Amino acid sequence: MAAPGLCLAQMSRLSLSTARHTLLHAPKASIPIVQVRHKGFKERILSKKEKSGALTGPTKSFSKRKTTEKKKKKPRTTYRQYDPKDAETFTLCEAMRYLRAFEVGRPPNSSKYEIHLKMKSLKNGPVVRNRLRLPHPVKTDLRICVICPPDSKYAESAKAAGATLVGEEEIFEAVKAGRIEFDRCICQTDSLAKMNKAGLGRVLGPRGLMPSAKTGTVVKDPSLVLKDLIGGAEYRERLGVVRMAVGQLGFTPEEMQRNVKAFIEAVKKDMAQLSDKINKEMVEVVLSSTNGPGFILNGEFRDLNSSLTPRDLSTS
């Protein structure tokens, strides 16, 4: 009788060979094939080159995404000015009438008319800047300081012309102490070195009161400039717009007309003196007041078909 261990070994070999034979010769239908496709999978037909393996590396997809790159906007070289062609325009008398309605209840001398000249101008180009004495001055109570030798003939002529402060050392000490009791400052050429040595530019410069030859406030004879300063005003182009007060609320339409005309002619003259390469063009003329909106002027004095007359606006 054979040993039990030998019989068990033979039986195990027989069972393994039978299972291996059944797996090798099993029908294909008995082995399920599962294909897992990810979302968005699309079948495509391979070309002959791809089938033969001629193409190496990753194959390109047929659907290419169109990349839309945002075009960078070029920065503007001029200030944006809207075309006033479709805007409503007014005559000078009509604009004054509406602005007076906005200033009802205020003293005539407290509110002022202002002109805004909008123009096409380069951002990095030269600006229009000057000083003008209007035919009918808006502000005549300016306090003017004249820096000159106190014992000179220029000091006497400056006092006679209406200067508020005249001298050198006294003015230097008052300015350094913070006592600025003037609205304009003129320097005589003989006192220019002393003024620069005193260091008044740190105090007067930020306030726009520092005398300089560029602005015409460093002169040989201050009395000649005083006549233009008293009742005169400065204007400067900022962001393509030139602003200036051209009248008080109690001015008549005729006085306003002369002031507006003088201001526009002065600005046009300054524009003509610029280089030929610099092209400035006046686009719009707007009249406003201290507390009122702006009205675009059409260049006419009054509407002949309207019942409004300049006499109606002659009283405050």
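Our subject is the structure that appears above.
This report concerns the structure included in the present document. (Residues numbered from 1 in each chain as written. Predicted model: local features only at pLDDT ≥ 70, side-chain atom pairs only at ≥ 80, totals over all residues. Heavy atoms only, no water.)

## What about the pairing of strand β9 (residues 281-289)?
Judged from the eight bridges that link them, strand β1 (residues 112-120) and β9 form a sheet pairing that is antiparallel. Within β9, the residue paired with Lys 120 across the bridge is Glu 281. Note: β9 against strand β10 (residues 295-296), two bridges, orientation antiparallel. Within β10, the residue paired with Val 286 across the bridge is Ile 296. Between β9 and β10, which follow one another and run antiparallel, lie five residues. (Pairing = 2+ DSSP bridges. Helix = DSSP H or I, 4+ residues; strand = E, 2+ residues; numbered from the N terminus.)

## Thoughts on the state of the cysteines
Summed over all chains, the structure comprises zero disulfides. Not engaged in a disulfide, the cysteine Cys 148 finds its nearest cysteine sulfur in Cys 187; these two sulfurs lie 8.6 Å apart. Cysteine Cys 185 shares no disulfide, and the gap to the nearest cysteine sulfur, in Cys 145, comes to 4.2 Å. (Disulfide = S-S within 2.5 Å.)

## Quick word on the sheet that holds β1
Spatially, the six strands line up as an open sheet ordered β2-β7-β8-β1-β9-β10, and their pairing is antiparallel. The strands lining the two open edges of the sheet, one partner per strand, are β2 (129-133) and β10. Of the strands in this sheet, β2 and β7 (232-238) touch helix α8 (residues 222-229), which is tilted by about 80° from β2. Each of β1, β2, β7, β8 (241-248) and β9 touches helix α9 (residues 253-272); the most contacted strand, β8, lies at about 155° to it. (Contact = heavy atoms within 4.5 Å. Axes fitted to C-alpha atoms, helices over the stretch in contact; angles between N-to-C directions.)

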